[in-house]
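# Observations on chain architecture
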Amino acid sequence: MAMAMAMRRAAALGARHILAASSTSSSSSSGVLLRRHMSVDAGAAMEKVRAAGLLRTQGLIGGKWVDAYDGKTLEVQNPATGETLANVSCMGSKETSDAIASAHSTFYSWSKLTANERSKALRKWHDLIISHKEELALLMTLEQGKPMKEALGEVTYGASFIEYFAEEAKRIYGDIIPPTLSDRRLLVLKQPVGVVGAVTPWNFPLAMITRKVGPALACGCTVVVKPSEFTPLTALAAADLALQAGIPAGAINVVMGNAPEIGDALLQSTQVRKITFTGSTAVGKKLMAGSANTVKKVSLELGGNAPCIVFDDADIDVAIKGSLAAKFRNSGQTCVCANRILVQEGIYEKFASAFIKAVQSLKVGNGLEESTSQGPLINEAAVQKVEKFINDATSKGANIMLGGKRHSLGMSFYEPTVVGNVSNDMLLFREEVFGPVAPLVPFKTEEDAIHMANDTNAGLAAYIFTKSIPRSWRVSEALEYGLVGVNEGIISTEVAPFGGVKQSGLGREGSKYGMDEYLELKYICMGNLN
C-alpha cells in the first residue's frame, strides 16, 4: 500500500510540475488548452457512466455495497489528466475476512444449483455487459488510459469468457473406469474446488476478471476479487452487472485497497481453497509461497519477455502489421507484448525502415479522442522504468531510431520508440519494459534466433513471421513458450488455453482447459454390487 501511495504521489507531483512549467511558457498554451479539452471529455464520460448506474465506489460483500470499516478511501486517477475520478473504499484484512465468509456461505447453495441454472445466470451477465459496452469502455479508458477502440475491444473480449464458460458449465463431465473386480464400480466426479481468491491487474481491468470469475462460477465456485487499486471502477461496475444478472449475493465479492492486508487474508484463510493471479512474477512467487501453508490450489499468469522473430523469408507487410499489434497494444503494457523483435540480418535494414514508418503513424493522446491509438502509461513510475531501460540500452551501444523520450503532452505519455542494435546484456533484452518501446535485435541463423528467444526465465508468448511451413513447425516446437503466434500478432481468444511455462506461471486460462483449474477430481469406489 505504501508503495502504491508513493507511486500516486509521484504521479501527482509530476502532473503539477508539468502544468506549472506549461503556465510559464508561451509556447505551451496549446498543451493547456488540450488538457482543458480532455477534462471536459472526461467529465462528460463520467456523467454517462453515472447515468447508467455503473459508478460504484464501495466494496461488494455479501451482495451489499459497503464502505471500508475505518472509513478510509483511496483516489482513482485518470492517467491522461492526473485528475481524480473517484474516491473508493480502501479495505483491508477485516473486510476481506467478511468477504471470504460470505463467499464460503454462498458456496454451498451456488454449487448445488444445476449446471443449467448457473449457465443461465452467466449468460444474463454476458448480455448485460454487452448492453453496457460503451459505458464500461468509457470507464476503462478513464481509469486505465487505453484508447476507446481498445477498451471497446476488451469489453467484447471480456464478455466472451462469460459467454464461453456459461456454455462450458453444462459440459463438466466425469468418467467411469472399468473395474478390477466384477462387484465394483469406479467413478470419477469433477467438483468445484471452493472459494477462490482472484487477484487481478490494472492493464486489463475487465478481461482479467471475467477470465477468472467466469470459469469459477461455471464450476460452482464462489469468488473474492481483489482488483488493482489503480483500476477498481471497472471491476465494481462488472460486479454490479453480475448482481443484476441474478448471480446470488456472496457468489462474487470485491475488496480493494490495502494490497498486503487483502493478500495475507486470502492466503491465511483455510476457507479459500484456490488463488488465481495475473501480474508480476515477483508478486506471483510471494502468493505461491504464501499458499503453501494452507496447501491451496494455485494458478498464476505472470510476466513475459516475448520474442517476435522475423525471418528473412517473411512477408514484410504481414510482419510489420503483426509486430506493431504485438508491441504497441495498450501502449506496450501487456504481458504478451513483443518485448524483443529479432530480425534476421538479411532484412534488418528493410524491416527497420518500414517498421519505423509504421510506428510514426501512431497517434498519441487521450484515449477518449477517436484518433488516438496510444494512450498514457499507467503512472509516473511506469515512465521512469521506461527511461531507466532506455538509458541502460544507450549506455551499452544501442541507438534510438525513433522517439526515446517523454511526449510533449506531459503527464505519463511517452513517445512510441524504436531502439536499434539491442544486445542481450541490456535490460531491454532481459526484462519486460512494459511501455511503448520496440527493441530491434539482429540475428544470423534460425538456431541463433531460437537460442536468443529462449534465453530468458520467462515463457509466456512468442511470435514468428515466416512463409516457410517447415520452419514454422520447427521453431514453434523449439520455443519454450506457452503461446506461439505464427504470422499473427494478436493470438488471445476465449476458446484457446492461455498461460506460460518456466517463470511465466502455472495453469491455463480460457478454453475447456481453463475449467480444470477450478475443479477437483473425486474418485468413488462402489463395492458389493453383485
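Residues numbered from 1 in each chain as written. Predicted model: local features only at pLDDT ≥ 70, side-chain atom pairs only at ≥ 80, totals over all residues. Heavy atoms only, no water.

## A look at the domain arrangement of the chain
- You can read the domains of the chain as domain 1 (43–302 + 512–517) and domain 2 (306–481).
- For domain 1 versus domain 2, the distance between C-alpha centres works out to 31 Å.
- At the junction of the two partners, domain 1 supplies 22 residues and domain 2 supplies 23 residues.
- Each partner contributes to the roughly 1,700 Å² buried at the junction of domain 1 and domain 2, and carbon and sulfur atoms together form 62% of this total.
- Interface area lost by domain 1 to domain 2 is led by Pro-79, Ala-80 and Trp-202, which between them contribute 26%. (Domains from an automatic or database assignment. Contact = heavy atoms within 4.5 Å. Buried area = accessible area lost by both parts, 1.4 Å probe.)

## Some details on the UniProt feature "domain: Aldehyde dehydrogenase" (unreviewed entry) in the chain
- The feature "domain: Aldehyde dehydrogenase" (unreviewed entry), as given by UniProt, occupies residues 65–524 in the numbering adopted here.
- Helix makes up 40% of residues 65–524 and strand makes up 20%, while its end C-alpha atoms are separated by 42 Å. (UniProt positions renumbered as here; feature names shortened; annotations may be inferred. Helix = DSSP H or I, 4+ residues; strand = E, 2+ residues; numbered from the N terminus.)

## Observations regarding the sheet that holds strand β6 (residues 185–192)
- Spatial strand order, β5-β6-β20: three strands in an open sheet with antiparallel pairing. The open sheet terminates on both sides in strands that have one partner only, identified here as β5 (175–177) and β20 (519–526). On average, each strand axis in the sheet is tilted by 25° relative to the strand beside it, whichever way the strands run.
- Across eight bridges, β6 lies against β20 in antiparallel orientation. Among the inter-strand pairings, Arg-185 is bridged to a residue of β20, identified as Met-526. (Pairing = 2+ DSSP bridges. Axes fitted to C-alpha atoms, helices over the stretch in contact; angles between N-to-C directions.)

## Focus on the UniProt feature "active site" (unreviewed entry) in the chain
- The sites that carry the UniProt feature "active site" (unreviewed entry) are, in the present numbering, Glu-301.
- Its location among the elements puts Glu-301 in strand β11 (residues 297–301).
- The contacts of Glu-301, once residues within four sequence positions are left out, are Met-208, Arg-211, Phe-277, Thr-278, Gly-279, Cys-335, Leu-460, Phe-498, Ser-504 and Glu-509.
- Separated by 3.0 Å, the side chains of Glu-301 and Arg-211 make a polar contact. (Polar contact = N/O pair within 3.5 Å; in protein donor to acceptor, adjacent residues only side chain to side chain.)

## Quick notes on the pattern of salt bridges
- Tallied over the entire structure, the rule returns 24 salt bridges.
- The residue Arg-123 makes a salt bridge to Asp-127 at a minimum N-O spacing of 3.4 Å. Here Asp-127 and Arg-123 lie together in helix α4 (residues 115–131), a separation of four residues that amounts to about one turn.
- The class for Asp-127 is partly exposed, based on a relative accessible area of 38%.
- Between Glu-163 and Arg-123 there is a salt bridge; the shortest N-O distance is 2.8 Å. Taken together, the residues Glu-163 in helix α6 (residues 148–168) and Arg-123 in helix α4 connect sequence positions 40 residues apart.
- Of the residues examined, Glu-163 reaches a relative accessible area of 25% and is grouped as partly exposed.
- Its relative accessible area of 34% is what places Arg-123 among the partly exposed residues. (Salt bridge = Lys/Arg side-chain N within 4 Å of Asp/Glu carboxyl O. Buried < 20%, exposed > 50% of the residue type's maximum accessible area, 1.4 Å probe, protein only.)

## Notes on the packing of helix α5 (residues 133–144) against helix α8 (residues 232–244)
- For the pair α5 and α8, interaxial distance at closest approach is 8 Å and the crossing angle is 160°. In terms of axis orientation, α5 runs roughly antiparallel to α8. For the pair α5 and α8, the contacting residues are Leu-136, Leu-139, Met-140 and Glu-143 in the first and Pro-232, Leu-233, Thr-234, Ala-237 and Leu-241 in the second.
- Among the residues making up the contact of α5 with α8, the classes are represented as seven nonpolar, one polar and one charged. (Parallel < 35°, antiparallel > 145°, perpendicular 65-115°, else oblique. Nonpolar A, V, L, I, M, F, W, Y, C, P; charged D, E, K, R; others polar.)

## Observations concerning the environment of Thr-372
- Mapped onto the elements of the fold, Thr-372 is located in the loop between α12 (348–360) and α13 (380–395).
- Remark: the alpha-carbon pair of Thr-372 and Lys-146, spanning 226 residues in sequence, is separated by 9.1 Å.
- In terms of polar contacts, Thr-372 uses its side chain to reach the backbone carbonyl oxygen of Asn-366, at 2.8 Å.

## Thoughts on the sheet that holds strand β12 (residues 306–310)
- Strand order in the open sheet made by the seven strands is β14-β15-β16-β13-β12-β17-β18, with mixed pairing throughout. Looking at strand neighbours, the two that pair on one side only are β14 (399–402) and β18 (483–486), the edges of this open sheet. For this sheet, the mean inter-axis angle between neighbouring strands, taken without regard to orientation, is 25°.
- Where β12 meets strand β13 (residues 338–344), five bridges bridge the pair, whose relative direction is parallel. When the bridges of β13 are listed, Pro-307 appears paired with Arg-340.
- On the sheet, α12 packs against β12, β13, β14, β15 (417–420) and β16 (437–443) and is oriented at approximately 170° with respect to β16.

## Side note on the packing of aromatic side chains
- Tallied over the full model, the rule gives seven aromatic pairs.
- Note on Phe-311 and Phe-443: the rings are 5.6 Å apart at their centroids and 85° apart in plane angle, and the pair reads as edge-to-face. Taken together, the residues Phe-311 in the loop between β12 and α11 (316–328) and Phe-443 in strand β16 connect sequence positions 132 residues apart. The same class applies to Phe-311 and to Phe-443, which are both buried.
- Connected via pairs of aromatic rings, a cluster forms that spans Phe-328, Phe-351 and Phe-355.
- The residue whose ring lies beneath Arg-211 is Phe-498, and the NZ or CZ to ring-centre distance is 4.1 Å.
- Directly above the ring of Phe-311 sits Arg-471, whose terminal nitrogen or CZ lies 4.2 Å from the centroid. (Phe/Tyr/Trp six-rings, centres within 6.5 Å; stacked < 30°, edge-to-face > 60°. Lys NZ or Arg CZ within 6 Å of the ring centre and 35° of its normal.)

## What about the pairing of strand β10 (residues 272–278)?
- Most of β10 is tucked away, with six of its seven residues classed as buried.
- Where strand β7 (residues 195–199) lies against β10, five bridges are found, and the strand directions are parallel. Across the sheet, residue Val-196 finds its bridge partner in β10, namely Lys-274.
- Across five bridges, the pairing between β10 and β11 is parallel. Of the residues in β11, the one forming a bridge with Ile-275 is Val-298.
- Handedness of the crossover joining β10 and β11 through helix α10 (residues 281–291): right-handed. (Right-handed = clockwise from strand over helix to strand, strands pointing away.)

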